[in-house]
Amino acid sequence: MSSTSLTAAPSLPGVVGSVLDLIGETPIVRLRRLVPADGAQVVVKLEGRNPGGSAKDRAALALIRDAESTGALVPGAPIVESTSGNTGIGLALVGRVTGHPVVIVHGGTMSPEKLALLRLHGAELIEADWTAGPDDPGNPRAVADRIARDRRGWRSHQYDNPANPGAHYRSTGPEIWRQTGGAVTHLVASIGTGGTISGTGRFLREVSGDRVRVVGANPVGSTYGGGPVGTIRVEGVGTNWPSSHWPENFDRAVPHEIRTMSDEVAFRTVARLASEEALLVGPSSGLAVGVALELATELDRAHVIVVVAPDSATNYLGELAG
Ligand SMILES: Cc1ncc(COP(=O)(O)O)c(C=O)c1O
């Protein structure tokens, strides 16, 4: 992805114009030890290598650029969003470079590391109640709406703004296709707003003539998998909303299936990725890799499963290493 330079300086070979130019083009690494002996190949796209530390940098840049181009976000106006962290960090990072203050409404479930990162990025933090239902004024999304109205800010609406899946359709999907030389047969991605799975999955299905199979990874306690509402321990994924209120950005026609994994498997997979593969990823990556490893046992070596690892362990060091 590219950004416009803020000042007209002579270009230097190998030097990018701003951190915005470091968003995307993340590496994919093959799992060597965790995969079943005769099962499918499993490769992991490390979105934690984005400058803000997650896949959400892609969405944040696209959301802000789109709003600037339509005039919805005027110069200097605040950006307001309700998020479990990574979108906030992405918006704060892009907001810093593009000159917008950022207000983040969170549900009180964010890791201390993400809260600290948001503060370092200069975001204003407001806590709301994530258990409040969609029609409750205390719901984080309702609180964010109110603040945006009061401060004449722009609400990025990551759950419903098509620029979010659009970013993954234009960048994550084509990268995976190119990086695997078109050999990808399965995509596994966790579902939060649905931006990643909908955009990436749609691109891969289209470009492959509908050969790529798309699998959603859902935590226990989330209704995306059709199960009952419960406590979701894995940050950034799942929903407690009834299916009638699912985010517009989650295109249900894209995944062929959604598999639900326990927290225990998700966190155990994070620990095994660290100790056996030297990969430090976050819990939602453990969730998705857990689903991919289950899937790999059902397929042979001719299959290539690409798993999106949305962020790195850096965001959860206390919990994972404590
Ligand atoms: C840690 C983490 N994993 C996964 C996701 C899900 O990504 P998406 O919102 O694109 O579905 C998010 C979204 O915020 C996240 O923060």
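What you are looking at is a predicted structure, and each value in this text was computed from that prediction instead of being measured. (Residues numbered from 1 in each chain as written. Predicted model: local features only at pLDDT ≥ 70, side-chain atom pairs only at ≥ 80, totals over all residues.)

Contact geometry of helix H1 (residues 56-70) with helix H5 (residues 163-179) gives a least axis separation of 8 Å together with a crossing angle of 120°. Note on packing geometry: the crossing formed by H1 with H5 is right-handed. Contact with H1, carried on its side by Arg58, Ala59, Leu61, Ala62, Leu63 and Asp66, involves Ala163, Asn164, Gly166, Ala167, His168, Ser171 and Thr172 of H5 and no other residues of that element. (Axes fitted to C-alpha atoms, helices over the stretch in contact; angles between N-to-C directions. Helix = DSSP H or I, 4+ residues; strand = E, 2+ residues; numbered from the N terminus. Left-handed = near helix turned anticlockwise from the far one by under 90°. Contact = placed C-beta atoms within 7 Å.)

Around the ligand sit 21 residues in total, of which Gly192, Thr193, Thr196, Gly236 and Ser284 are the nearest. Counting residues per element, the shell around the ligand draws most heavily on helix H6 (residues 195-207), which supplies three residues. Across the shell around the ligand, the residue classes tally to four nonpolar, 14 polar and three charged. Two domains each provide a minimum of three residues to the shell around the ligand, namely domain 1 (21-51 + 162-321) and domain 2 (56-155). (Near = placed C-beta within 6 Å. Nonpolar A, V, L, I, M, F, W, Y, C, P; charged D, E, K, R; others polar. Domains from an automatic or database assignment.)

Along its sequence, the protein chain is carved into domain 1 (21-51 + 162-321) and domain 2 (56-155). On a C-alpha basis, the centroid separation for the pair domain 1 and domain 2 is 24 Å. Residue-level contacts link 24 residues of domain 1 with 17 residues of domain 2. Counting residues per element, the side of domain 1 that touches domain 2 draws most heavily on H5, which supplies seven residues.

Moving on to the sheet that holds strand S10 (residues 304-309). The sheet built from six strands is open, its strands ordered S1-S2-S10-S7-S8-S9 with mixed pairing. Sheet topology places strand S1 (28-30) and strand S9 (257-261) at the edges, where each strand pairs with a single neighbour. Strand-to-strand twist of the sheet, defined as the mean angle between neighbouring strand axes without regard to direction, takes the value 25°. Relative to strand S2 (residues 41-46), S1 runs antiparallel, the two being bridged by three bridges. Each bridged residue has a counterpart across the sheet, and for Val29 the counterpart in S2 is Val44. (Pairing = 2+ DSSP bridges.)

Before going further, it helps to examine the sheet that holds strand S5 (residues 124-127). The four strands lie next to each other as S5-S4-S3-S6, forming an open sheet whose pairing is parallel. Across the chains shown, the open sheet's two edge strands, defined by having one partner strand only, are S5 and strand S6 (154-155). As judged from the four bridges shared by strand S4 (residues 102-106) and S5, these two strands associate in the parallel manner. Bridging across to S5, Val103 finds its partner in Glu124. Strands strand S3 (79-82), S4, S5 and S6 of the sheet are contacted by helix H4 (residues 140-150), whose axis makes an angle of about 170° with S3.

For the rest of this paragraph, the subject is the environment of Asn249. Structurally, Asn249 can be placed in the loop between strand S8 (213-219) and S9. The class of Asn249 is buried, set by 26 C-beta atoms lying within 10 Å. Those residues in contact with Asn249 that lie beyond four places of it in its chain are Tyr159, Asp160, Asn164, Pro165, Thr193, Gly194, Gly195 and Ser198. (Buried ≥ 20, exposed ≤ 12 C-beta atoms within 10 Å, placed from the backbone.)

The next thing to look at is unusual backbone geometry. Most peptide bonds take the trans configuration, and most residues that are not glycine carry a negative phi. With a phi angle near 50°, Arg152 is a residue other than glycine that sits in the positive phi range. Here Arg152 lies in the loop between H4 and S6. Phi at His157 is positive, roughly 50°, even though this residue is not glycine. Assignment of secondary structure puts His157 in the loop between S6 and H5. Residue classification places His157 among the buried positions, given that 23 C-beta atoms sit within 10 Å.

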